[in-house]
Amino acid sequence: MRVKFALVTIVSLLIAACSGRMNLPLKGAALQYLPIDVSAVAQAGAASALPAGWQHGGVMEIFVRAYSDSDGDGIGDLKGLISKLDYLGALGVKGIWLMPIHPSEDRDHGYAVTDYRAIAPEFGTLADFDELVVQAHRRGIGVILDYVINHSARAHPMFQDAMTNLQSPYRDWYVWQRSAPPDWRIFGRSPWHATTTGAYFAQFDVSMPDWNFRNPAVLKFHQDNLRFWLNRGVDGVRFDAVAHLIENGEGATYDQDDNLALVRALRETISAYDNRFMVVESTARGEVYGAANVGGSAFAFGLNGEIIKAARGDASALAKMARHPMLQPQMATFLGNHDEFAGRRLWNQFDGNLSLYKLAAAALLTLPGAPFIYYGEEIGMSGVRGLLGDPSLRAPMSWAPDAQTAGFTTGTPFRALADNASIQNARNQFGVVDSLHSFYSALLALRNDRLSLHSGRYENPQVDGQVLSFQRLLGDERTLVVINFSEAAAAIPRNGAPERAGLRQIFPRGSAVSPLIPAQSVRVFAID
């Protein structure tokens, strides 16, 4: 078998030299062949049809597998997502972040990629993806692709060749040692995994070997992959786990300065395209990775926790939130996402208290940054009882009060439904005046109509007891936001607005103007 494998490898390399495509063997019950495109990709594509700063209007994070199933197999897909674009447009989001949609070894969360230039067949085809981009753009919605940059799948053909063949041209594309070093620990365990040809480094899981970014060919491969998708009209890229790209020995594996140069190189690749957005996941030093000269944007980890604690009545958290270092215009803000370490579903964190839930949403959608909303957050989806870890956050979207499917599929859902699908679902809330969905929709509309809220400066944050006020400014437009986190009505502060200036209430629209702000509520004023 080893002789046959070597011959196949030689032949595949000759094919690659002629065509730019690799045919590498995958070992399983039977030897199979999977074509992997490693050809160079030149920049191409038309100018963006979206307005500058579109991401500041609100982005929905979508787990495609759990969003909408078009063919009844119980798994969400791209055609299902296309069918829900009108819903997303009516809600008011201006972007969608798709969790990994590439073929993957895990065939669930998607972060163990086996082919970076393909669509997982359970989600559809490249033609379906192209149609999604076209239809999203027609509605003024940008498409952000999740890109797994730190590691591939163990089942990736390149790694399979590297693992079984010491002479593989891809051996140095991964991190190897003759044997596992005895003293390394990451996440409480050794990141080294033994094989018959040596030990490879995989810090997250044995099925996810890390790329060797000290090899320039690896960075070039990923830059070519990015251009493959950007040329198809992708509007942005979210990079996973950028603080883990480079290791400098035992005890120096996280957030090394070498990572910053790699992130800069990725940003340069993406910013060569018109009006493209890049956001990185770094759970530490996000403001450094998000700086304009590094990654351009990063998720504001830490801020989300302070917002949630403030909504639950923690006055010290409110003070921290008001002057949080992550409150910068380029940062990507959020309340929750697909990872359990970022927090449970908001419904569970607030124990179903919609007044507190709305306070957190109001802060997210009026503070500076590019606000990200996790799918189902806008309708108060809960987690799944009985599931542990991340899967509990990734239930099928609750479209309807159907006890068997929640309107997600005509078949059997791949995972149990959210516990509260019968009451917190899109059908029950759409167009209902006091619903959580209507609250999100109204604030998104206000954010997108009011340019100072959309992309203006953040000025004069003040905390008086449990009342937060701040101004957003852009040109001559000034907006005052007042959020009362307390259980009692309070006086509305002028927050430094000139005495002769009028305060014209613009949210909620149609409510009576009063010198008091009711308990646990938000008011937004134009400063005329």
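Anything mentioned here points back to the structure above.
A quick note: this is a predicted structure, and the numbers were derived from the prediction, not measured.

**A few points about the overall build of the protein**
Now for step 1: Of the regular secondary structure elements, the protein holds 15 helices and 19 strands.
Now for step 2: Against the compact-globule benchmark of 24 Å for 528 residues, the protein has a radius of gyration of 24 Å, which places it among compact chains.
Now for step 3: Each principal axis of the C-alpha atoms in the protein carries an extent, and together these give about 85 × 50 × 45 Å.
Now for step 4: A burial count over the protein gives 60% of its 528 residues as buried.
Now for step 5: The long-range share in the protein, meaning contacts at least 24 apart out of those at least 6 apart in sequence, stands at 66%.
Now for step 6: Entry remark: accessible area of the protein is about 20,200 Å², with carbon and sulfur atoms responsible for 53%.

**Focus on the packing of helix α9 (residues 303-311) against helix α10 (residues 315-322)**
Now for step 1: Two elements in contact, α9 and α10, have axes whose closest approach is 8 Å; the angle formed by their N-to-C orientations is 140°. Judged by the angle between their axes, α9 and α10 are oblique. Where α9 crosses over α10, the two elements pack in a sense that is left-handed. Seen from α9, the contacting residues are L303, E306, I307, K309 and A310; seen from α10, they are A317, L318, K320 and M321.
Now for step 2: Here the residues of the contact of α9 with α10 sort into six nonpolar, no polar and three charged.

**Comments concerning the sheet that holds strand β17 (residues 503-507)**
Now for step 1: Here five strands make up an open sheet; going across it, the order is β13-β14-β15-β19-β17 and the pairing antiparallel. Of all the strands in the sheet, the pair left with one neighbour each is β13 (457-464) and β17. This sheet shows a mean twist of 25° between the axes of neighbouring strands, independent of strand direction.
Now for step 2: Judged from the six bridges that link them, strand β15 (residues 477-484) and strand β19 (residues 521-527) form a sheet pairing that is antiparallel. Each bridged residue has a counterpart across the sheet, and for T479 the counterpart in β19 is A526.
Now for step 3: On the sheet, α10 packs against β13 and β14 (467-474) and is oriented at approximately 160° with respect to β13.
Now for step 4: Docked against the sheet, helix α12 (residues 354-366) engages β14, β15 and β19, running at close to 160° with respect to β15.

**Re unusual backbone geometry**
Now for step 1: In this model, F507 is joined to P508 through a cis peptide bond whose omega is -10°.
Now for step 2: One non-glycine residue, N275, adopts positive backbone phi at about 55°.
Now for step 3: Relative to the assigned elements, N275 resides in the loop between α7 (258-271) and β10 (277-280).
Now for step 4: Residue D351 is not a glycine yet carries a positive backbone phi of 50°.
Now for step 5: With respect to the helices and strands, the residue D351 is situated in the loop between α11 (346-349) and α12.
Now for step 6: For D351, a relative accessible area of 64% translates into the label exposed.

**Points about helix α6 (residues 216-230)**
Now for step 1: An ideal rise of 1.5 Å per residue puts 21 Å on 15 residues; α6 measures up with 21 Å between its terminal C-alpha atoms.
Now for step 2: Across the 15 residues of α6, 12 count as buried, placing the element largely inside the fold.
Now for step 3: At the N-terminal boundary of α6, the capping side chain belongs to N215, with an oxygen 3.0 Å from the backbone nitrogen of A217.

**Details of the side chain of S452**
Now for step 1: For S452, the position within the fold is in helix α15 (residues 451-455).
Now for step 2: At a separation of 2.6 Å, a polar atom in the side chain of S452 contacts the side chain of T479.
Now for step 3: If near-sequence neighbours (up to four positions away) are discounted, S452 is found in contact with R472, L473, L474, E477, R478 and T479.

**A closer look at the layout of surface pockets**
Now for step 1: Taken as a whole, the largest pocket encloses approximately 540 Å³ of empty space.
Now for step 2: Lining the largest pocket are 25 residues, with F204, D240, D339, F341 and D390 positioned closest to its centre.
Now for step 3: Residue classes in the lining of the largest pocket are distributed as 10 nonpolar, six polar and nine charged.

**Section: the pattern of salt bridges**
Now for step 1: For the structure on display, the rule yields 19 salt bridges.
Now for step 2: With its nearest N and O atoms 2.6 Å apart, the salt bridge here joins R415 to D108. In this pair, R415 sits in the loop between β12 (370-374) and α13 (426-429) while D108 sits in the loop between β4 (95-98) and α4 (126-138), placing the two residues 307 residues apart along the sequence.
Now for step 3: Measuring nitrogen to oxygen at the nearest pair gives 3.7 Å for the salt bridge that ties E306 to K309. Residue E306 and its partner K309 are both found in helix α9; the two are separated by three residues, about one turn of the helix.
Now for step 4: By relative accessible area, E306 is classed as buried at 12%.
Now for step 5: Take K309: its relative accessible area is 37%, and that puts it in the partly exposed class.
Now for step 6: Through salt bridges with shared partners, one network takes in D146, R238, D240 and E281.

**Section: the packing of α12 against helix α14 (residues 436-449)**
Now for step 1: Where α12 meets α14, the axes come as close as 10 Å, and the angle between the chain directions of the two elements is 15°. Relative to α14, the element α12 lies roughly parallel. Between α12 and α14 lies a crossing whose hand is right-handed. Counting all contacts with α12, which are made through L354, Y357, K358, A361, A362, L364, L365 and T366, the residues of α14 involved are L436, F439, Y440, L443, L444 and R447.

**Notes on the pairing of β10**
Now for step 1: Neither face of β10 is open: one carries F277 and V279, the other M278 and V280, and all of them are buried.
Now for step 2: As judged from the four bridges shared by strand β9 (residues 236-239) and β10, these two strands associate in the parallel manner. If you follow V237 over to β10, its bridge partner there is M278.
Now for step 3: Note on the crossover from β9 through α7 to β10: the handedness is right-handed.

So, how was this worked out
Residues numbered from 1 in each chain as written. Predicted model: local features only at pLDDT ≥ 70, side-chain atom pairs only at ≥ 80, totals over all residues. Heavy atoms only, no water. Helix = DSSP H or I, 4+ residues; strand = E, 2+ residues; numbered from the N terminus. Rg over C-alpha atoms; globule rule 2.2 N^0.38 Å. Buried < 20%, exposed > 50% of the residue type's maximum accessible area, 1.4 Å probe, protein only. Contact = heavy atoms within 4.5 Å. Areas by Shrake-Rupley, 256 points an atom, 1.4 Å probe, with all protein chains shown as cover. Axes fitted to C-alpha atoms, helices over the stretch in contact; angles between N-to-C directions. Parallel < 35°, antiparallel > 145°, perpendicular 65-115°, else oblique. Left-handed = near helix turned anticlockwise from the far one by under 90°. Nonpolar A, V, L, I, M, F, W, Y, C, P; charged D, E, K, R; others polar. Pairing = 2+ DSSP bridges. Expected span 1.5 Å × (residues − 1). Polar contact = N/O pair within 3.5 Å; in protein donor to acceptor, adjacent residues only side chain to side chain. 1 Å grid on protein atoms, 1.4 Å probe; cavity = no way out; pocket = protein on both sides within 12 Å on 5 of 7 lines; lining within 4 Å. Points joined across faces, edges and corners; volume = space filled by probe spheres on them. Salt bridge = Lys/Arg side-chain N within 4 Å of Asp/Glu carboxyl O. Right-handed = clockwise from strand over helix to strand, strands pointing away.

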